[in-house]
Amino acid sequence: MNSCPTCSPGGGGASSARPCAGLCANALKGCVAHHVKAQEDAWEGFVGELLLLLLLLLLLLLLLLLLLLLFLLFLLFLLFLLFVFLFLFLLLLLTVVLVLVNCCWWW
């Protein structure tokens, strides 16, 4: 508070007594209130954007997990198809063998 005429040396009128510290603190709060409010607004904006970024990252992670689940389901479906085709092939092979055995049996 050196720029305050009441507290600066040689200023302050007739009395050389300084005001109480509470008056200086209140005056200082009034001077910097606008700057503090601007800093709080900027900080709140930063925190809000950071939370939005975190939410987007969580959504991206959820999407990746969903894609992984779909991929695993697709692989499971392919495995099922492979077993079905293998079963049908074995059934066809067994049928061919039985037909050949029956044909040769008559000879």
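Throughout what follows, the structure given in this document is the object of discussion. (Residues numbered from 1 in each chain as written. Predicted model: local features only at pLDDT ≥ 70, side-chain atom pairs only at ≥ 80, totals over all residues. Heavy atoms only, no water.)

### A few points about the overall build of the protein
At step 1: A tally of regular secondary structure across the protein gives 1 helix and 0 strands.
At step 2: Within the protein, the fraction of its 107 residues that count as buried is 3%.
At step 3: Surface exposure of the protein reaches about 9800 Å², of which carbon and sulfur atoms provide 80%. (Helix = DSSP H or I, 4+ residues; strand = E, 2+ residues; numbered from the N terminus. Buried < 20%, exposed > 50% of the residue type's maximum accessible area, 1.4 Å probe, protein only. Areas by Shrake-Rupley, 256 points an atom, 1.4 Å probe, with all protein chains shown as cover.)

### Looking at the packing of aromatic side chains
At step 1: Throughout the structure, instances matching the rule amount to 1 aromatic pair.
At step 2: Relative to Phe46, the ring of Trp43 lies with its centre 5.5 Å away and its plane at 35 degrees, an arrangement referred to as tilted. Residue Trp43 and its partner Phe46 are located together in helix H1 (residues 21-106), separated by 3 residues, close to a single helical turn.
At step 3: On the accessibility criterion, Trp43 (56% relative accessible area) is exposed. (Phe/Tyr/Trp six-rings, centres within 6.5 Å; stacked < 30°, edge-to-face > 60°.)

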